[in-house]
Amino acid sequence: MPLRETEAIVLRTYRLGEADKIASLFTRQMGRLRAVARGALRPKSRYGGSLEPLSYLRIQLFERENRDLLQLNSVELAESFFSMQADYQVQLAAQYLAEVGERLLPEHEANERTFRLFLAVLRALKTSKEVNRPLLYFNYWMVRLGGFLPNLATCASCKRAFGDEGGFYSRGSESLLCRDCRHPGGLRIAGAVLSMVRASCHQPLEKWLEAEKAPPGCREARHFFEEIIESHTEKRLITRQMMGEEV
Ligand SMILES: [Zn+2]
């Protein structure tokens, strides 16, 4: 395979032997993949400090016959999100993006809209230092683009409109139900919050952040979508627990 050029966001890196790293990358042209960075752990590595989680890079990749992993040939930093490290909550939020990306993005499947979503949310976290709106936006679109957005207007069982009361969800389910159909112990999400999500997430994130304050219910809605993501992947999100309930 010839050399391929693409843009990529680093989701995670880990050691491979004494001197190499494996990078889990979300690439613009080839989707999510893993590549080996030979010699990345050596002091004068050609990758410098650019191979850090959530760096936005321009890279060259090549594949060698009979090898599963691609090789990183060259790496150039397009945009750094390193400044986010200064704020612990923002840093955790960025790590949350990477974790959800690794869980939800299919391998070797390019997805331009999701790639643009990642960039928009990373930039929003970096410039606004706010967590709730960027993460709600991210969750909503990851679920929607992933094809498992619950119906936010009507009950999944009896199809009745939610109205002001809203819908109920329970852990392990991916749908919203009305009061009559809900499972015991289901949590309510108010009608006003569901309307806010529909209105707010259907505009560019940048524009939404121009409004000074996050609307009420943002955090609650964000947590609701986190439940949906955990139900869908059948696994608890580590970064979600690290962020805690207070954020
Ligand atoms: Zn119902």
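Residues numbered from 1 in each chain as written. Predicted model: local features only at pLDDT ≥ 70, side-chain atom pairs only at ≥ 80, totals over all residues. Heavy atoms only, no water.

Student: Mind showing me how you'd approach helix 3 (residues 132-145) here?
Tutor: Each α-helix winds once per 3.6 residues, and so residues spaced three or four apart point in a common direction. The end-to-end C-alpha distance of helix 3, which contains 14 residues, comes to 20 Å, matching closely the 20 Å that a straight helix rising 1.5 Å per residue would cover. Counted residue by residue, helix 3 has 12 buried out of 14 residues, so it is predominantly covered. Against helix 1 (88-104), helix 2 (112-128), helix 4 (191-200), helix 5 (205-208), helix 6 (218-233) and helix 7 (238-243) lie the buried residues of helix 3. Positive backbone phi, at 85°, marks glycine 147, one or two positions downstream of helix 3. (Helix = DSSP H or I, 4+ residues; strand = E, 2+ residues; numbered from the N terminus. Expected span 1.5 Å × (residues − 1). Buried < 20%, exposed > 50% of the residue type's maximum accessible area, 1.4 Å probe, protein only. Contact = heavy atoms within 4.5 Å.)

Student: Which parts of the structure should I look at to understand the pairing of strand 2 (residues 20-27)?
Tutor: Regular strands place side chains that alternate from one sheet face to the opposite one. With 8 of 8 residues buried, strand 2 lies mostly within the body of the structure. What you see with strand 2 is no split at all: Asp20, Ile22, Ser24 and Phe26 on one side and Lys21, Ala23, Leu25 and Thr27 on the other are buried throughout. Between the antiparallel neighbours strand 1 (residues 4-16) and strand 2 lie 3 residues, among them glycine 17 with a positive phi of about 65°. The turn joining strand 2 and strand 3 (residues 31-37), which pair antiparallel and follow one another in sequence, is formed by 3 residues. (Pairing = 2+ DSSP bridges.)

Student: Honestly, the coordination of the zinc ion in this entry has me stumped. Any pointers?
Tutor: For a metal with four donors in a tetrahedral arrangement, the ideal angle between donors is 109.5 degrees, while six donors in an octahedron ideally sit at 90 or 180 degrees. Coordination of the zinc ion by the protein involves Cys155 (SG), Cys158 (SG), Cys178 (SG) and Cys181 (SG), with metal-donor separations of 2.3 Å. Each of the 4 donor atoms around the zinc ion contributes to a set of angles spanning 104 to 114°, which defines the coordination as tetrahedral. Exposure remark for cysteine 178: the relative accessible area of 2% places this residue in the buried category. (Donors = N, O, S within 2.8 Å, 3.2 Å for Na, K, Ca; no water. Tetrahedral: all angles 85-135°; square planar, octahedral: opposite > 155°, others 65-115°.)

Student: Would you explain the domain arrangement of the protein chain in this entry?
Tutor: Interface size, as often reported, equals the accessible area lost upon joining of the parts. You can read the domains of the protein chain as domain 1 (4-80) and domain 2 (88-243). A C-alpha centroid distance of 29 Å is found between domain 1 and domain 2. Here domain 1 and domain 2 share an interface that buries about 1800 Å² over both sides, 60% of which is from carbon and sulfur atoms. Summed over the shared surface of domain 1 and domain 2, the result is 4 salt bridges. One can count 7 residue pairs in polar contact (both at pLDDT 80 or more) joining domain 1 with domain 2. (Domains from an automatic or database assignment. Buried area = accessible area lost by both parts, 1.4 Å probe. Salt bridge = Lys/Arg side-chain N within 4 Å of Asp/Glu carboxyl O. Polar contact = N/O pair within 3.5 Å; in protein donor to acceptor, adjacent residues only side chain to side chain.)

Student: Could you clarify how one ought to interpret the packing of helix 1 against helix 2 in this entry?
Tutor: Two quantities define a packed helix pair, namely the angle between the axes and the distance from one axis to the other. Contact geometry for helix 1 and helix 2: axes closest at 10 Å, N-to-C directions at 170°. Classified by the angle their axes make, helix 1 and helix 2 are roughly antiparallel. Contacts from Val90, Ala93, Ala94, Leu97 and Gly101 of helix 1 reach helix 2 at Phe118, Val121, Leu122 and Leu125. Across the contact of helix 1 with helix 2, the residue classes break down as 8 nonpolar, 1 polar and no charged. (Axes fitted to C-alpha atoms, helices over the stretch in contact; angles between N-to-C directions. Parallel < 35°, antiparallel > 145°, perpendicular 65-115°, else oblique. Nonpolar A, V, L, I, M, F, W, Y, C, P; charged D, E, K, R; others polar.)

Student: I tried to follow the packing of helix 2 against helix 3 on my own but got confused; where do I start?
Tutor: Interhelical geometry of helix 2 versus helix 3 gives an angle of 170° and a closest axis separation of 10 Å. Regarding the angle of helix 2 to helix 3, the classification is roughly antiparallel. Residues Arg113, Thr114, Leu117, Phe118, Val121, Ala124, Leu125 and Ser128 of helix 2 pack against Pro134, Tyr137, Phe138, Trp141, Met142 and Leu145 of helix 3. Of the residues belonging to the contact of helix 2 with helix 3, the class tally is 11 nonpolar, 2 polar and 1 charged.

Student: Is there a simple way to think about the sheet that holds strand 5 (residues 70-79) in this case?
Tutor: Backbone-to-backbone hydrogen bonds join strands into a sheet, with any given pair of strands oriented parallel or antiparallel. What the 5 strands build is a closed barrel, ordered 1-2-3-5-4; its pairing is mixed. The average angle at which neighbouring strand axes cross in this sheet is 50°, direction not considered. Sheet contacts for helix 1: strand 1, strand 2 and strand 3; angle to strand 1, the most-contacted strand, approximately 100°. The strands touched by helix 2 are strand 1, strand 2, strand 4 (56-63) and strand 5; relative to strand 1, the strand with the most contacts, the crossing angle is about 65°.

Student: Help me understand the nonpolar core in this model?
Tutor: Burial of nonpolar side chains together is a common tendency in soluble globular proteins. In terms of nonpolar packing, the biggest core is built from 60 residues, with Tyr96, Leu97, Phe118, Leu136, Phe138 and Val197 touching the most fellow members. There are two domains that each give this core at least three residues, and those are domain 1 (4-80) and domain 2 (88-243). Residues contacting phenylalanine 118, with those up to four places away along its chain left out, are Ile9, Leu11, Phe26, Leu97, Gly101, Leu105, Phe138 and Met142. If you look at the next biggest cluster of nonpolar residues, it comprises 17 residues, including Met30, Ala40, Leu72 and Val75. (Core = buried A, V, L, I, M, F, W, Y, C linked by side-chain atoms within 4.5 Å.)

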